[in-house]
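Residue-level listing of the chains:
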Amino acid sequence: MKQRILLLSILSVMVLASCQSKNEPEKIDRHSVVTRSNVLVEGFDSLASLSVGNGEFAFTTDLTGLQTFYSDYENGVPLGTQSNWGWHTNPNTEGYDRSETLKYFEVEGRQVPYRHQLKDDPRAEAACNYFRENPHRLHLGMIGLVLTNSEGETARLEDIKQATHHLDMWTGKISSSFEFDGQPVNVEVYCHQDQDQISARIESPLIAEGKLAVQWKFPFGVAENTHEGYDFDSPEKHQSVLEEVTSNQVLINRTLDNDQYEVAIAWKGSGSVTKAGEHQFVLQPGSKEVLEFNCLFAPEVGEMTLADFESTKTNNEQAWLNYWENGGIVDFTECTDPRAQELERRTILSQYLIKIQSTGSLPPAETGLTYNSWYGKYHLEMHWWHIAHFPQWNRAHLIEKQLDYYNDLYEQARQTAQDQGYQGVRWQKMLGPDGENSPSSVGSYLVWQQPHIIWFAEQMYQADPTEETLNKYKDLVFATAAFMGDFPVWNEEKQQYDLAPPLIPAQEHWSRETTTNPPFELPYWYWGLTTARKWQDRLQLEPDGQWEDVRLKLAAPDQADGVYLGIEGATESYTDMELMEDHPVVLGAYGILPAWDKLDPEVMRNTMHRIAERWDWPSTWGWDYPMAAMSAVRLGEPELALEFLLKDVQKNTYLRNGHNYQSERLRIYLPGNGGLLTTIGMMCAGYEGCETENPGFPKDGKWKVKWEDIKPVF
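Residues numbered from 1 in each chain as written. Predicted model: local features only at pLDDT ≥ 70, side-chain atom pairs only at ≥ 80, totals over all residues. Heavy atoms only, no water.

**Observations regarding unusual backbone geometry**
Here is step 1 of the chain: Between Asn134 and Pro135 the backbone carries a cis peptide bond, its omega angle lying at -10 degrees.
Here is step 2 of the chain: Note the cis peptide between Pro501 and Pro502, where omega equals -5 degrees.
Here is step 3 of the chain: Positionally, Pro502 belongs in the loop between β25 (496-498) and α12 (521-538).
Here is step 4 of the chain: Its identity is not glycine, yet Asp257 carries a phi of approximately 55 degrees, on the positive side.
Here is step 5 of the chain: Among the structural elements, Asp257 can be located in the loop between β16 (249-256) and β17 (259-267).
Here is step 6 of the chain: Although it is not a glycine, Asn394 adopts a positive phi angle of roughly 60 degrees.
Here is step 7 of the chain: Considering the arrangement of structural elements, one finds Asn394 in the loop between α8 (389-392) and α9 (400-419). (Helix = DSSP H or I, 4+ residues; strand = E, 2+ residues; numbered from the N terminus.)

**Here we look at the pattern of salt bridges**
Here is step 1 of the chain: Applying the stated criterion to the full structure yields 38 salt bridges.
Here is step 2 of the chain: Of the charged contacts in the structure, one is a salt bridge between Glu334 and Lys704, with a shortest N-O distance of 2.9 Å. Separated by 370 residues along the polypeptide, Glu334 in the loop between β21 (329-331) and α6 (340-357) and Lys704 in the loop between α17 (670-685) and β30 (706-708) bring together distant segments of the chain.
Here is step 3 of the chain: The exposure class of Glu334 is partly exposed, given its relative accessible area of 36%. (Salt bridge = Lys/Arg side-chain N within 4 Å of Asp/Glu carboxyl O. Buried < 20%, exposed > 50% of the residue type's maximum accessible area, 1.4 Å probe, protein only.)

**Observations regarding the environment of Thr81**
Here is step 1 of the chain: In this fold, Thr81 is placed in strand β4 (residues 81-83).
Here is step 2 of the chain: Relative accessible area serves as the criterion here: at 0%, Thr81 is assigned to the buried category.
Here is step 3 of the chain: Note: C-alpha distance between Thr81 and Ile143 (62 residues apart in sequence) is 8.9 Å.
Here is step 4 of the chain: Side-chain polar atoms of Thr81 contact the backbone oxygen of Gly141, separated by 2.9 Å. (Polar contact = N/O pair within 3.5 Å; in protein donor to acceptor, adjacent residues only side chain to side chain.)

**Focus on the side chain of Asp62**
Here is step 1 of the chain: Inspection of the secondary structure assignment puts Asp62 in the loop between β3 (57-61) and β4.
Here is step 2 of the chain: Although buried, Asp62 forms no salt bridge, and the nearest oppositely charged side chain, Lys217, lies 12 Å from it.
Here is step 3 of the chain: A polar atom in the side chain of Asp62 sits 2.9 Å from the backbone nitrogen of Thr68.
Here is step 4 of the chain: What Asp62 contacts, discounting residues up to four positions off in sequence, is Gln67, Thr68, Phe69, Tyr70, Tyr73, Leu79, His165 and Ser176. (Lys, Arg positive; Asp, Glu negative; His and termini not counted. Contact = heavy atoms within 4.5 Å.)

**Thoughts on the nonpolar core**
Here is step 1 of the chain: Counting residues in each nonpolar core, the largest one holds 207 residues, and the members touching the most others are Ile202 and Phe293.
Here is step 2 of the chain: No other element matches helix α11 (residues 467-486), which puts ten residues into this core.
Here is step 3 of the chain: Not counting chain neighbours up to four residues away, the residues in contact with Ile202 comprise Leu66, Leu145, Val185, Asn186, Val187, Ile207, Leu212, Val214, Glu289, Val290, Leu291 and Phe293.
Here is step 4 of the chain: Among the nonpolar cores identified, the runner-up in size contains seven residues, and Leu251, Ala264, Ala266 and Val301 belong to it. (Core = buried A, V, L, I, M, F, W, Y, C linked by side-chain atoms within 4.5 Å.)

**Remarks on the sheet that holds strand β1 (residues 39-42)**
Here is step 1 of the chain: Overall, antiparallel pairing links the nine strands, which are arranged β1-β10-β11-β12-β13-β20-β17-β16-β15 in an open sheet. Single-partner strands in this sheet number two, and they are β1 and β15 (238-246). Strand after strand, the sheet turns through a mean of 15 degrees between neighbouring axes, direction not considered.
Here is step 2 of the chain: Bridge count between β16 and β17: eight bridges; the pairing is antiparallel. Opposite Leu251, over in β17, you have Ala264 as the bridge partner.
Here is step 3 of the chain: Here helix α5 (residues 309-325) sits on the sheet and contacts β12 (183-191), β13 (197-203) and β20 (290-298); the angle it forms with β12, its principal contact strand, is near 60 degrees. (Pairing = 2+ DSSP bridges. Axes fitted to C-alpha atoms, helices over the stretch in contact; angles between N-to-C directions.)

**A few points about the sheet that holds strand β2 (residues 50-53)**
Here is step 1 of the chain: Pairing is antiparallel across the open sheet formed by three strands, whose spatial order is β2-β3-β4. Where the open sheet ends on each side, the last strands, each with one partner, are β2 and β4. Taken pair by pair, the neighbouring strands of this sheet meet at an average axis angle of 20 degrees, ignoring direction.
Here is step 2 of the chain: Sheet analysis places β2 next to β3, joined by four bridges and oriented antiparallel. Residue pairing across strands places Ser51 opposite Thr60, the latter belonging to β3.

**Here's the deal with the packing of helix α15 (residues 624-634) against helix α16 (residues 638-645)**
Here is step 1 of the chain: For the pair α15 and α16, interaxial distance at closest approach is 8 Å and the crossing angle is 180 degrees. Judged by the inter-axis angle, α15 sits roughly antiparallel to α16. Of the residues in α16, those touching α15 at Tyr625, Pro626, Ala628, Ala629, Ala632 and Val633 are Leu640, Ala641, Phe644 and Leu645.
Here is step 2 of the chain: Considering only residue class, the contact of α15 with α16 consists of ten nonpolar, no polar and no charged. (Parallel < 35°, antiparallel > 145°, perpendicular 65-115°, else oblique. Nonpolar A, V, L, I, M, F, W, Y, C, P; charged D, E, K, R; others polar.)

Next comes the structure, spelled out in structure tokens:
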């Protein structure tokens, strides 16, 4: 009898455990998932530099763990020290005015001004160049080792032996180990998560021998489109003043024209900082074999306190644990498809890179805080690709500061709309912290950035559906919708509203003078106005009649031969190879965006397959592959989604450090990383109305994908 009772008890426990396992899936071992994608670089690889950062500030290191051999990385992923507050502006000695950059187009009987890259007048061209180039993001200073061998010679890259360079994403630590002159050197580096500071610990017998020191070099700014951001050949153009604060801390005051910032350096134990050149300072430590130093960058240090190395280490361990343990995670452990491991690597590394580069108070630049592209300025049409995944992966709080920044841009955006004769706000395209739109023969005519802030606001509401959220973002939503309701042109003949010239769509090669009704912008316009209407309903406001009229009478995307065209009337969209370059953004109309009753899914399916077969894929960009994959997910073709997402083309390369490589000019491209995360989220959690489990993965038994804390997209 006792044996029977015992057997029944065991069976009951087994049944209960079985029921619990069905109702409560086994939790993902997040530490294992993250750390198996940690980066280990053995030897020198100029494309495999590693970064630490906090979203506002990032510090990129070479194989020594600091920035010792920065010139050797210039043609790879450069060694940046950049922030959201660190910019330089060349003096406007010629007195250029932004009005000198304007080009006018006639729209419905009025002259509409656009900031254009004028080239038909020397002064106008110079004015346009000045406002494009300024302000430009500044490299704040290079920090590297000074290594001296037994012969008194300074180390060269080839003198570094047995080097390993390691990134631990779970704790935010970079560590490097190498040999120099027969002696070991070990370096650990962290970036403080609450202030723009790095802390380093160096251990080596070379310290006690006086053969290892740390050097700071400060550059002038560089007004070039794509550049590392530093100029060490113009010492006469800027000032670096050393000030001793205590026996273990100094302050360096930096002045570049009208721009200033400060650098505080503190160290543990004996040692001193001396000026070794016009903008060069060396920390020579005492006689111990361990050196710990901390370096804080700030517009003004003031009463700020430098954290010591142990405090910075603890700060990182706590902050990164919180990041990884809260929010979305995807585990490909049990997948047997050979592509799964690479997909997981890209996913985890992208989560790390986007966190350190793109969670600050300004929209990110395409190359983040690593080096300058487009002068280090950011592009609002790209903002979606950088941050849309954060609320989807249950990390909406990480983008609040960037959304607040739209309030800072509001007045200039309102003025642009007013100057052009429109209601509401017309959001900028390419800009810096001054909020001013840069002159451009392309960017000034884009409109697909307009609905982004409505998308973000709706995401924030879904994350926190309260009246407080509605009141926080309502002015931005409604002012954006006011422009969107006023911009389209009424077509009396067709009884519809057109998106009409001057206009350049997201596939930018189309002419501004002849582009009408691009196929992505139309449904995005509809989605934005529809969502603004929802916000009016939630706030118990009367619907705006003009918005409603435009929303319901927008033109449908043009089609011919069973496929959607690149723009209205472009019947050669898939026969002329020159028209199949750049972004195949028609797929975003039913990929990024949900269904619209004016879009036929089967016509979109035909379009998707036509693009898959014929498109000039080498001309595409890093976010195009995720975008195409999202369209395949919505159309129920998961195998094609994987083929798009992992397409074997140069601009879909993901380097050892996780960065999305584009070309020799653009060696990293964060919109690719952000787009990847949005797409992976959709492949797992689906989209509103989707009832398929893991809709982005084939049901062939090879894709047992586990995930947590990811929401469906719209």
